[in-house]
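A structural walkthrough
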Amino acid sequence: MGWATVGLACLVVAAAAQLIGLVPPWNPDTTRPQFAIATALCVVFGGVTGWVTWALVARRRASTTDGQNTTGVGLGEHAVRVDVPGRRVNLRWDDIIEIGASQQRRPRTRFPGERPELPMIRIRSSDRLPATHQVQFIPISTNQVPAAALWTALRWYHAHPGARWELGHAEGSARLEQWRREALLR
């Protein structure tokens, strides 16, 4: 799409230069209205391909690194941010009802010996939230943080609302690092 946009931009410049008279017409039988129509069509198609190119680049940039389908979790004092492929959900701690474990069945295995069940962390939220926010599944295998550390952090901060202030501060970083080290030793 990017190359199509560049090509159409070149055609617009060439057609406009012929229309204005900066260069001689490539086809002497072409009239000024025909050059104007060709230029307008190239501008329209160039705008469409430019918009599609921009949307594709913006989508890749908005998703995670290099457009891969990874997930992530961000813990904050007031909310938990869950990045799942294609969207980002911010859940207030007060709206979270339950944090549990879940097994999701894979529709098909990709290679022999692959486990048909995918372990996940399940976050269930209040019914007053939109349906797309009520249950979030975080695949354990796609996180860069050890699953045990993430599991411990989510459940501990959910159970201890008075300690959430430390998220984003040195105290919270130290606690999270301790859980990460303990998870790596297991």
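The structure reproduced in this document is the subject of the present report. Note that this is a predicted model, so its numbers are computed, not measured. (Residues numbered from 1 in each chain as written. Predicted model: local features only at pLDDT ≥ 70, side-chain atom pairs only at ≥ 80, totals over all residues. Heavy atoms only, no water.)

1. Some points on the pairing of strand S2 (residues 79–84)
Heads up, the condition is: Only strands joined by at least two bridges in the DSSP assignment are considered to pair. Helix and strand assignments come from DSSP, with helices taken as H or I runs of at least 4 residues and strands as E runs of at least 2, each series counted from the N terminus.
Note that strand S1 (residues 72–75) and S2 share four bridges and pair antiparallel. What sits directly across from Leu-75, in S2, is Val-80. Linking S1 back to S2 in an antiparallel pair, the connection comprises three residues. In this structure, S2 lies alongside strand S3 (residues 87–92), joined through six bridges in antiparallel fashion. When the sheet's bridge partners are listed, Arg-81 is paired in S3 with Asn-90.

2. A few points about the nonpolar core
Spelled out, the test is: Buried residues of nine kinds, namely Ala, Val, Leu, Ile, Met, Phe, Trp, Tyr and Cys, make up a nonpolar core once their side-chain atoms join them within 4.5 Å. Throughout this description, buried means an accessible area under 20% of the type-specific maximum (1.4 Å probe, protein chains only), exposed means over 50%, and partly exposed covers the range between. Only heavy atoms matter for contacts: two residues are in contact if any of them lie within 4.5 Å across the pair.
Residues Val-82, Trp-93, Ile-96, Ile-121, Ile-123 and Leu-154 are the most contacted members of the largest nonpolar core, which totals 20 residues. At the level of elements, S2, S3, strand S4 (96–105), strand S5 (117–125), helix H4 (147–159) and helix H5 (170–185) are the ones that each hand at least two residues to this core. Looking at this core, the element that brings in the most residues is H4, giving five residues. For Ile-123, the residues in contact, after removing those within four places along its chain, are Val-82, Leu-91, Ile-96, Glu-98, Ile-99, Gln-134, Val-135, Gln-136, Ile-138 and Leu-154.

3. Looking at H4
Where we set the bar: For a helix, the expected span equals 1.5 Å multiplied by the residue count minus one. This arc corresponds to the set of directions leading from the helix axis out to the C-beta atoms.
When the terminal C-alpha atoms of H4 are compared, their 18 Å separation across 13 residues agrees well with the 18 Å that a helix rising 1.5 Å per residue should span. Every buried residue of H4 is listed here: Ala-149, Leu-150, Ala-153, Leu-154 and Tyr-157. End-on, the buried residues of H4 take up no more than an arc of 125 degrees, which puts them together on one face.

Any functional reading would require information that these geometric values do not contain.
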